[in-house]
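A closer look at the structure
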Amino acid sequence: MTTYILRRLLLSIPVIIGILFATFALARLIPSDPCRAMLGEKATDDVCDQFLERHGLNKPIPVQFAVYMGEIFKGDFGNSFRFSMPVTEILSQRLPITIELSLAALSISLLVGIPLGIISAVRHNSWVDVLTMLWANIGVSMPVFWLGLMLAYFFSLTLKGTPFQLPPSGRLSPGLIPDPFFEVWNMTLTEGTTIYIIAEFISRMNILNSILSGDWKVFKDAVQHMVLPAVALSTIPMALIARMSRSSMLEVLGQDYIRTARAKGLKQRTVVIRHALRNALLPIVTVVGLSLGGLLGGAVLTETVFNLAGVGRILYEAITARDYGIVQAFTVVIAVFFVALNLIVDISYAYLDPRIRLN
Amino acid sequence: MTTITLPETSAIDGMKNQPLTPGQLMWRRFRKHKAALFALGGMIVLLLYIWLGGLVFSRGICAPTGEFLTAEAYANCNDTAQKLQPPSREHPFGTDTIGRDILARTIYGGQISLTIGIFAVIVEVVVGVLVGAVAGYFGGWIDDLLMRVTEAMLIIPSLFLLIVLSKAIGGSVPEIQFLGRAFSGSVVVIIFVIGFTSWMYLARIVRANVLSLKEMDYISASRALGVSDARIIFKHLLPNTIAPIIVSSTLGVANAITSEAYVSFLGLGVQTPTASWGNMLDSAVKYLQTAPWLWLFPGLMIMLTVLCINFIGDGLRDALDPRSTRNV
């Protein structure tokens, strides 16, 4: 198992370097110069030369790439043109929001999608099955942002005044300021240390932070704000997962060893969960891995609809404003995240199916 | 999944008289998929709506000029005095932010959205089939190189690729004339951008098929006869892998329509005055509460179309490619 993981790790290095290069090239592909995009169309050539000089953009492209690679390995992504602050700073402010949203959406899609798929497979062709599949097809056919708009309209306007009313935008109600959990715990952390940075990063995930600090008022409010975007974002992966779980379970349930297990007199529950599910999991894991890509793309749209200041939103703005620093940093983070994710998917294959490990 | 169905009596009768053509066999299997049949009906209605609907619903007096306009000119007529009107007898779907009739725009927007869907898939199929067939047939370092590129493109979320590419090549293509109407350059850009960001799955499917087919005896025989590589690929290998190509390109049309909606929603897609279902939604967030008709109808059209195409794709998969699994 260890050799397998090590080999996979080594194989992902060229992929990451390739993505770094592609990111660098793509950011430069966007036409028109960053100077005029930042300082306005009327910026004089003199001002622009200074601007390019300051950001190292007047050097030849290969030199820029070398400088950029060197800085990335030091963990420095440079400054954002637009915000005049280190990109890592922006990253640490925005990333928690997107991570929280994606995790919430992923949990919903797994917790609802897999059981629905299993039930439809076990009760093949029953009304549960028909309804689930119809709903799964509708789910993948809806544009994420349109579902978001419908949810926002329904839960914030149609249900206004009822206990089911939910806020259509933002992360917390105005006036509510959560205390970071490390301050509640009276931890003495020095600003700038690694532990402080990590603690601050975690404290920016409102739901997690409010659980850690025991602030139930903030918790309730944060959850209420999270429900709609998370549900909107979870729909497509949920539908895909439900469909895959169903077809994969159907295939496994038709096999001889399942009949044997039933003939031995095992309970339905044991047969389905212990015998069938484990063998059906492999394709499900693949779909989960694949739908995470869509989750991140969907986050851009969801964050736009629900007015959340996450990574997706700022990446979109940075692309429009040609803020190279942010575009590169975020793409690198996303790429590394996906390479890591593929690694996890591969490792869980090996864990689930010993045959893969041995090859 | 190993249910054995005995042939119906009619099938036996059919065999007695005449063998069924592959087309008849396909239709017979397709018919069994009730949802697909229903979706096919729905799709025909939708196509009629966007094809002929303009003759019925898109005509009226454009107040600012006082002219009587028909077809797309009416859909693009902006009467700011009439802006943001809720649905009424005169404008059954209401009017948008600058007073254009939303019903007429869903018709002409539908033409654009479907055109984008179909042509983007043509680009997707050309790229995907070429990459997949070349990688699978030649193998070795060509295969390695092409598949690594494919994987790298799969890793980057496609929406980011869409945004970057439409930003990079957007706005540089002039208007073109096609099928009797003018398409703004942004439509052409979007077609290529969507096509170039969605071929990866198809390439993998084609490659897998070619890999298994090229070991067959008839391919060895062709090679022994001195048939050229190009002829083997196009005449012998690809026709035998046509089923998954048809299925995944049908589903590809649905994906392309949604992708267009995403890019246009972010303001980077089809540029006004040309309507598309996607760009009709781009100011929706601002009018979420005050003008729900603005985003309800175009979104509904997207959903219904994509839903129908997805069901038809599922039915085609059952009919053409019974061995394949879904979602791969």
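1. Considerations on the domain arrangement of chain A
Taken as a whole, chain A is organised into domain 1 (2–73) and domain 2 (88–178 + 215–352). One C-alpha centre belongs to domain 1 of chain A, the other to domain 2 of chain A, and the line joining them spans 32 Å.

2. Notes on a nonpolar patch on the surface
A cluster of nonpolar side chains, I44(B), L48(B), W51(B), L52(B), L55(B), V56(B) and F57(B), forms an exposed patch at the surface whose accessible area comes to about 750 Å². The residue I44(B) is located in helix α3 (residues 34–57) in this model.

3. Some thoughts on the confidence of the model for chain A
Looking at chain A as a whole, the pLDDT averages 82, with 95% of positions reaching at least 70. Mean pLDDT across the elements of chain A bottoms out in helix α16 (residues 354–358) of chain A (67) and peaks in helix α12 (residues 256–263) of chain A (90).

4. Things to note about the side chain of N310(B)
By the secondary structure assignment, N310(B) is in helix α13 (residues 293–320). On the basis of relative accessible area, N310(B) is assigned to the buried category, the value being 10%. Setting aside its immediate chain neighbours within four residues, N310(B) contacts N137(A), V140(A), S141(A), L251(B) and A254(B).

5. So, the pattern of salt bridges
All names here are of chain A. With the rule as written, the count across this model stands at five salt bridges over all chains. Note that E100 is salt-bridged to R171, the shortest N-O span being 3.2 Å. With E100 in helix α5 (residues 87–122) and R171 in the loop between α7 (144–158) and α8 (181–184), this residue pair connects regions lying 71 residues apart in the sequence. Look at E100 and you get buried, because its relative accessible area is 8%. One salt bridge connects D129 with R246, and the closest N-O pair in it is separated by 2.6 Å.

6. A few points about the interface of chain A and chain B
With 49 residues of chain A in contact, the opposing surface of chain B contributes 37 residues. Together, the buried faces of chain A and chain B total about 4,100 Å²; carbon and sulfur atoms form 77% of this surface. For chain A, the biggest contributors to the area lost against chain B are F145(A), W146(A) and L149(A); these three give 15% of the whole. Across the chain A-chain B interface, the total number found is three residue pairs in polar contact (both at pLDDT 80 or more). Counting residues per element, the ones that place at least two in the side of chain A that touches chain B are α1 (2–29), α6 (127–141), α7, α11 (216–253), α13 (268–305), α14 (311–321) and α15 (324–352) of chain A.

7. Side note on a positive patch on the surface
Residue and element names in this part refer to chain B. Taken together, the side chains of R29, R31, K32 and K34 present a region of like positive charge at the surface. The biggest single contributor to the positive patch is helix α2 (residues 22–32), with three residues. Here R31 shows up in helix α2. On the accessibility criterion, R31 (40% relative accessible area) is partly exposed.

Cut-offs used in this document
- Residues numbered from 1 in each chain as written.
- Chains lettered and ligands numbered in written order.
- Predicted model: local features only at pLDDT ≥ 70, side-chain atom pairs only at ≥ 80, totals over all residues.
- Heavy atoms only, no water.
- Domains from an automatic or database assignment.
- Patch = residues over 30% accessible without salt bridge, like charges linked within 9 Å, V, L, I, M, F, W, Y side chains within 5 Å.
- Areas by Shrake-Rupley, 256 points an atom, 1.4 Å probe, with all protein chains shown as cover.
- Salt bridge = Lys/Arg side-chain N within 4 Å of Asp/Glu carboxyl O.
- Helix = DSSP H or I, 4+ residues; strand = E, 2+ residues; numbered from the N terminus.
- pLDDT = per-residue confidence, 0-100.
- Buried < 20%, exposed > 50% of the residue type's maximum accessible area, 1.4 Å probe, protein only.
- Contact = heavy atoms within 4.5 Å.
- Buried area = accessible area lost by both parts, 1.4 Å probe.
- Polar contact = N/O pair within 3.5 Å; in protein donor to acceptor, adjacent residues only side chain to side chain.
- Lys, Arg positive; Asp, Glu negative; His and termini not counted.
- Charge placed at Lys NZ, Arg CZ, Asp CG, Glu CD.

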